Each structure stands twice: as C-alpha cells, then as structure tokens.
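Tertiary structure, described
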Amino acid sequence: MTNLSREKIENLKSKVKGQIVLPSDSSYNEVRQIWNAMIERRPALIVRCAEADDVPPAIAFARENGLEISIRGAGHNIAGNAVCDNGVMIDFSTMRLVRVDAEKKRAYVEPGATLADFDEAAQSHGLATPVGINSTTGIAGLTLGGGFGWLTRKYGMTVDSLISVEVVTADGKRIRASENENADLFWAIRGGGGNFAVVTRFEFKLHEVGPEILAGLIVFPFDQAKQVLTQYREFVKSAPEELNVWAIMRKAPPLPFLPADVHGKEVVVLVTFYIGDAAQGRKLIEPLLRFGTPHGSHIGAQPYTQWQKAFDPLLTPGARNYWKSHNFTELSDGALNTMIEFAGKLPSPQCEIFIGLISGAANRVPGNAMAYRHRDPKFVLNVHGRWDERTDDERCIAWARAFFQASAPYASEGAYVNFMTEEEGDRVAAAYGANYDRLTQIKKRYDSDNLFHLNQNIKPSL
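The paragraphs below set out a description of the structure included in this document. Predicted model only: the values in this text are computed from it and were never measured.

Pairing in this open sheet of seven strands is antiparallel, and the strands run β15-β12-β14-β13-β17-β18-β16 from one edge to the other. Either end of the sheet is taken by a strand with one partner, and the two such strands are β15 (296-303) and β16 (320-328). Between one strand axis and the next, the sheet turns through 15° on average, direction left out of account. Most of the contacts of helix α8 (residues 225-238) go to strand β13 (residues 243-251), to which it runs at about 160°, and overall it touches β12 (212-221), β13, β14 (266-274), β17 (352-357) and β18 (379-387). Lying over the sheet, helix α12 (residues 393-407) contacts β16, β17 and β18, oriented at roughly 5° with respect to β16.

Pairing geometry for strand β8 (residues 162-168) and strand β9 (residues 174-178), over five bridges, is antiparallel. Among the inter-strand pairings, V168 is bridged to a residue of β9, identified as R174. In sequence, β8 turns back onto β9 through a hairpin of five residues, with G172 there showing a positive phi of about 85°.

A word on the packing of aromatic side chains. Evaluated as defined, the whole model comprises 20 aromatic pairs. Ring geometry for F273 against Y304: centres 6.3 Å apart, planes inclined by 65°, an arrangement best described as edge-to-face. Placement of F273 in strand β14 and of Y304 in helix α10 (residues 304-307) is noted, with a sequence separation of 31 residues between them. The buried category is assigned to F273, whose relative accessible area is 1%. Given a relative accessible area of 1%, Y304 falls into the buried group. The aromatic ring of F342 is capped on one face by K345, whose charged end is 4.4 Å from the ring centroid.

Orientation of α8 relative to helix α11 (residues 333-343), taken along the N-to-C sense of each, is 140°, at an axis distance of 10 Å. Looking at the two axes, α8 sits oblique to α11. The handedness of the crossing between α8 and α11 comes out as right-handed. Contacts between α8 and α11 involve A225, K226, L229, T230 and R233 on the former and, on the latter, D333, L336, N337 and I340. Split into classes, the residues belonging to the contact of α8 with α11 amount to four nonpolar, two polar and three charged.

The periodicity of an α-helix, 3.6 residues per turn, causes residues three or four positions apart to be oriented the same way. With 15 residues, α12 should reach 21 Å at 1.5 Å per residue; the first-to-last C-alpha distance of 21 Å fits that figure. Listed in full, the buried residues belonging to α12 are D393, C396, I397, W399, A400, F403, F404 and S407. The buried residues of α12 occupy one face: seen down the axis, they fall within an arc of 155°. Facing away from the buried side of α12, by more than 90 degrees, are the exposed residues E394 and Q405.

It is worth spelling out the sheet that holds strand β4 (residues 88-91) at this point. Taken in spatial order, the four strands of this open sheet run β1-β2-β4-β3, and their pairing is mixed. Among the strands making up the open sheet, the edge pair consists of β1 (19-21) and β3 (69-72). Looking at each pair of strands side by side, their axes are set apart by 20° on average, direction ignored. Of the strands in this sheet, β2 (45-48), β3 and β4 touch helix α3 (residues 55-64), which is tilted by about 170° from β4.

To continue, consider the nonpolar core. By size, the foremost hydrophobic cluster in this structure holds 123 residues, and its most contacted members are F118, Y232, L270 and M339. Residues in contact with L270, not counting those within four places in the same chain, are G216, L217, I218, F220, V228, Y232, V245, W246, A247, L288 and F291. Within the second largest apolar cluster, 26 residues are counted, among which are L4, V16, I69 and I90.

In this structure the tally under the stated criterion is 31 salt bridges. With a shortest N-O distance of 2.8 Å, K309 and E120 are connected by a salt bridge. Taken as a pair, K309 in the loop between α10 and β16 and E120 in helix α4 (residues 115-123) lie far apart in primary sequence, 189 residues in all. Exposure remark for K309: the relative accessible area of 35% places this residue in the partly exposed category. With a relative accessible area of 40%, E120 lands in the partly exposed category. We note a salt bridge from K237 to E234, for which the minimum N-O separation is 3.2 Å. One end of the pair, K237, and the other, E234, are both in helix α8, three residues apart, so they sit about a helical turn from each other.

About the criteria used
- Residues numbered from 1 in each chain as written.
- Predicted model: local features only at pLDDT ≥ 70, side-chain atom pairs only at ≥ 80, totals over all residues.
- Heavy atoms only, no water.
- Pairing = 2+ DSSP bridges.
- Helix = DSSP H or I, 4+ residues; strand = E, 2+ residues; numbered from the N terminus.
- Axes fitted to C-alpha atoms, helices over the stretch in contact; angles between N-to-C directions.
- Contact = heavy atoms within 4.5 Å.
- Phe/Tyr/Trp six-rings, centres within 6.5 Å; stacked < 30°, edge-to-face > 60°.
- Buried < 20%, exposed > 50% of the residue type's maximum accessible area, 1.4 Å probe, protein only.
- Lys NZ or Arg CZ within 6 Å of the ring centre and 35° of its normal.
- Parallel < 35°, antiparallel > 145°, perpendicular 65-115°, else oblique.
- Left-handed = near helix turned anticlockwise from the far one by under 90°.
- Nonpolar A, V, L, I, M, F, W, Y, C, P; charged D, E, K, R; others polar.
- Expected span 1.5 Å × (residues − 1).
- Arc of directions from axis to C-beta.
- Core = buried A, V, L, I, M, F, W, Y, C linked by side-chain atoms within 4.5 Å.
- Salt bridge = Lys/Arg side-chain N within 4 Å of Asp/Glu carboxyl O.

Purely spatial values, then, with no claim about function.
Below, the structure is given as structure tokens:
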C-alpha cells in the first residue's frame, strides 16, 4: 500500500467538504465495496465527495502523488472500474440529489444517484427518461456508456435525452458541456464513458410516462424455446414502439404464479412492458400468450417505479458477475439455436441469457451524432454469468466465453461498453467504430496524459 504522509492527508482534508476514508478507518472495507463481488481492490485513499468542488483537490492530490484515479458513481459497473488499487477513489455515492423542473421537463442529477433516485423524483411529476432495468444501477455509469431499457424503443438511449453535463477536467477546471458549449466534449461524453472528464451533474430531457404502466411476465417451458423465440422474432418487427418485449432464458425463480415443480427448471420468459392505455396494451400482448403453452403469466397495471424494481431481487449486490455482450441487427436461426444450446447448460442457477429489444427511436439517430456509434442493432444480447462461490469462477466464466464465441458469427458489429468486462480492452475501438479516431483526438485535448484510464480506455491520439 502506498505510504501517504499524515501531513499530505490533512492538507487534502482541509480542501474538501466530504469525508476522507483511509485503509485504517473502520468504514473502509464497506466504502470500497462495489456491486460485483469479483472485484477486490484496495484504494490508498477514498474521497467521498460532498459537492463538485471536492473533485479538483482530489485530482490534484492524485497527480502530485503519482496515484491512479478511479471514479465511483453507484459502483455498479461490471468491470469494476469504480475502484482502484493503491490509488485515489473519487466516490460520489453520497451525492444523490435529483431536482426536477416539471414545467421545462428537465431533471438535474448528481453523479451518485441511482435509477431509483431518478425514477422516483421524475415520476412524482409523471415524467421519466430511458434508463436501465435495475433500480440500484448508477445513472452516471449507465449514461456515459449509452444506457438502454424499457423506454428505449419509444424515446431512445439514455444519452439521447442528455442535454448537458457539468464536469471537472483532468487539469481541475470546472466547465459545462452541451450542444452549444464545449460541443466536442459533449459529443464524446455521450457514450465515451469516463474517459474525458469527471461529470458532476447531468441534465436530462424528461418524457411523459405513467405513472402507471402495463407490464409483466409470460413463462414458457424450455422445450418450447425455439417456437417461442421464432414467433417473438416475427412479432417484434411490427410491434408499436410503446410496447417492449424482452426474452430471457434462465432457471425459473420461485415466482408465486408458477407451479412449485417449475421452480429451478430452465424456462423461456417473455417480459412485456407497455406505456399507454392498459386495455390497448392487453390486446397487443395477448398474442404472446399463444406462442406456446405457458407455465404461467402475470401481467398487470402497476406504477412505473415499482416495475423498475421488479428485477432487483435477481440483481442484488454481493454476487460474482461476469458478462459478455453482442449486438444483433436480426436474430437468425443460427443465433437462436446457439442461445438455446447454451441456455440448456447454465452453469449456475443465477446465470441467464437475455435479449433486449431496442429497435425504434434509437435507430433513427445518426451514427456520428455522438460517441455512441452503433445505431443499427435491433437487439442487445447479454450473457449474464452470475454465481456466489469463488470456486465456481472458472466454470462459469468458461461458459460465458464459450457462448460469446459461438454466437459471434451471427452478431452485428460493435459492442456495448457498459457490458464489457475488464479484459476486453481489445474491443474498445470496435465499440466506437468510425467514431474512434475523433474520440482519440478529443481525449488528447482534454486528457493528454490519460489520467482517466480506469475505464474502457480510449487512448489519446499521438
């Protein structure tokens, strides 16, 4: 562990309003812990920011002492980039304020806010922005990598609703970036991750949603997977953008509407979500029930904020997680067969394969409009490896990698950086495609020393 003199630490404490947490403090192990239990790193010092003005002294301290910097929003990133070894962890987890201007349909969000914080504040005015599907996810990491969820078909990616950001640059300056101010930086931040600056506030455009939506699950036997997924593929081609349907293959959790003898068995789940009139939504969803002979279904009107927490029990912190991901412009028979093959040999009860439908508004944004490049995919596949015991690491990771490799021939180009694990640095250029060269130039302008490199790293151009 790096030795930092008491004098240096006291000097930093005098410059920040937040808390400085050291390895000797009783709270240290709790504060450094993040969502993915596979990540075990020990920062030399943690700055728990109380305000944006705490960031410049933290950056200066790291520079002066030759220390790495990691940035933590909510600590949910699969690769574990929120926490570093022997460096300075800038921790925003106590900065979670969300302010909504209902008249302007704008939300102003601090970088430690979770999706639950954001959703609850916006929904108190009947408003929302496309975000993810797990309420404990951090808004910062989700947004900087692109962001998609149930509202994406109708309103696009999370970055498509981003209006401006306030940031601290690598040299400690506080600036604002938008379409009209520091526009190159704003272009890069929308999908470019934490490569360019430390975001201390997000401004989002809000959309009218809910407060009640129609959503739920239809659970089919696994031996009907091919017929269900084939019909799903055809159904979504003409489904209105107010309707979203995702497909999941996993072992059935103990859901109360399923017979007890189905619990723990492989199943195919169609997850439905509709914004609009509930009666109309039921008519649209009804054909899905005939794709096979369901074990059971549960679909009903409910608050949007409640639905946003529906999958939280399957995504609690503290498990070991390893993900792989592909984009698909179409789901070919070969892709479906490969998904079914690997879903039939899940290495743990928590592993799953999900197909997220994102076709719609996101596809209408030009690929060069922002760093988030790949606007052709209709689906995002997540190979979600998840288990509890370290002794299962090798087996579960091998399954995820083998499936990723087997399904690659059917995938489209690109990658979703939020689902990339830490060893996938070789995919970064592919993730940005034709936008990559411009990103390296912007990186050189704003962070020529690559100070912010604990991310899916974009290196400065030479």
